[in-house]
Amino acid sequence: MATEPGGGLVDTHCHLVLLEDRGLLEEALEAAAAAGVEQIVSIGLDVEDSDRNRVLAERHPGIFFTVGWHPHQKTAPDPAQMRDLDALLRHPRAVAVGEVGLDRYWRPGYHEVPLEVQRRSLAALLELAVSHGKPVVIHDREAHDEVLAEIDVRPGVRGVMHCFSGDAAHARASVARGFACSFAGTVTFPRSEAIQAAARAVPDDAWVVETDAPFLAPVPHRGRPNQPAYVAATTAALARLRQIGVADAARQSSANARRWFGLPAPRGGDRLGNGAARR
Ligand SMILES: [Zn+2]
Ligand SMILES: [Zn+2]
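Described below are features of the structure shown in this document.

Rules and cut-offs
Residues numbered from 1 in each chain as written. Chains lettered and ligands numbered in written order. Predicted model: local features only at pLDDT ≥ 70, side-chain atom pairs only at ≥ 80, totals over all residues. Helix = DSSP H or I, 4+ residues; strand = E, 2+ residues; numbered from the N terminus. Rg over C-alpha atoms; globule rule 2.2 N^0.38 Å. Buried ≥ 20, exposed ≤ 12 C-beta atoms within 10 Å, placed from the backbone. Arc of directions from axis to C-beta. Pairing = 2+ DSSP bridges. Right-handed = clockwise from strand over helix to strand, strands pointing away. Axes fitted to C-alpha atoms, helices over the stretch in contact; angles between N-to-C directions. Parallel < 35°, antiparallel > 145°, perpendicular 65-115°, else oblique. Contact = placed C-beta atoms within 7 Å. Nonpolar A, V, L, I, M, F, W, Y, C, P; charged D, E, K, R; others polar.

## Some details on the overall build of the protein chain
Link 1 in the chain: Regarding its fold elements, the protein chain presents 10 helices and eight strands.
Link 2 in the chain: In summary, the protein chain has a C-alpha radius of gyration of 17 Å against a globular reference of 19 Å for 279 residues, a match within 12%.
Link 3 in the chain: Seen through its principal axes, the protein chain has C-alpha atoms that stretch 50 × 45 × 35 Å.
Link 4 in the chain: For the protein chain, the residues scored as buried account for 49% of the 279 residues in total.

What follows is the structure, encoded as structure tokens:
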């Protein structure tokens, strides 16, 4: 059985602007196309970062962007910033709201944003997503129940649990609320038994894969800056856990990604490496 997916992959969550800032963007896009990545969802962190992702999405076939406000932002978006996020979301290549969420992990220097500020940001962006009928990309670090509680009070919210870090029960609870579980490099780490159990338990039509590049490279690439090409390793890990072939895993996760984010079929030409970049 093949151990590499061989094509048809979608990286549903990475930060191409951060790769660009590190001078790694062009080689990362070439490597991704060579590894069979056809489409990328590049995730916004605030107004300026979302706007820079818009520029990349306009320039490259196969790249789409989200309009986000990361929980590490020190303040919740003010009315002018909300208007900017709203305007960006009207762009034809804007596919989701986020990332946004709650992050209760604490270590000195990681972030020191009070939970109350994070909660205001989350509420504002969940309402933005509902008003636009867009999915939301949730960042949930050690805040599973609080995140679900915020979702439960807003009917019509749906989306993706990015870098899924819960167990099988949390995967089922998320899917029951209209969310897909997005598995990242963490699912390949040896001590991630609970996340691996979630990857086995999630229904066929409710999981996707991501890199969260440049963070958190999967096994066997740990210690290097992550890049979208490495989504192949995470797809192979999901195939092993779900006991299906890697080509089937690629097909399943990519079909789910297109459904969840409303991406066009790559056969229509909107895929990575298809001709020269637009200017
Ligand atoms: Zn995140
Ligand atoms: Zn991220």
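## Concerning helix H8 (residues 193-201)
Link 1 in the chain: Burial in H8 covers these residues: Ile195, Gln196, Ala198 and Ala199. Along the axis of H8, the buried residues cluster in a sector spanning 155°; they form a single face. For H8, the exposed residues set more than 90 degrees away from the buried face come down to Glu193 and Arg200.

## Some words on the pairing of strand S7 (residues 179-183)
Link 1 in the chain: Burial runs high along S7: five of the five residues are buried.
Link 2 in the chain: The two faces of S7 match: Phe179, Cys181 and Phe183 on one face and Ala180 and Ser182 on the other face are all buried.
Link 3 in the chain: Judged from the three bridges that link them, strand S6 (residues 159-162) and S7 form a sheet pairing that is parallel. Directly across from Val160, in S7, lies its bridge partner Ala180.
Link 4 in the chain: Running through helix H7 (residues 168-176), the crossover from S6 to the neighbouring parallel element S7 is right-handed.
Link 5 in the chain: Pairing of S7 with strand S8 (residues 207-209) involves three bridges; the strand directions are parallel. The residue bridging Cys181 from the neighbouring strand is Trp207, located in S8.
Link 6 in the chain: Since S7 and S8 lie parallel, the crossover through H8 that links them has a hand, and here it is right-handed.

## Observations regarding the packing of helix H9 (residues 231-242) against helix H10 (residues 246-261)
Link 1 in the chain: It is at 8 Å that the axes of H9 and H10 come closest, and there the two elements cross at 110°. Here H9 lies roughly perpendicular to H10, going by the angle between them. Contacts between H9 and H10 involve Thr235, Ala236, Leu238, Ala239 and Arg242 from the former and Val246, Ala249, Ala250 and Ser253 from the latter.
Link 2 in the chain: A per-class count over the contact of H9 with H10 returns six nonpolar, two polar and one charged.

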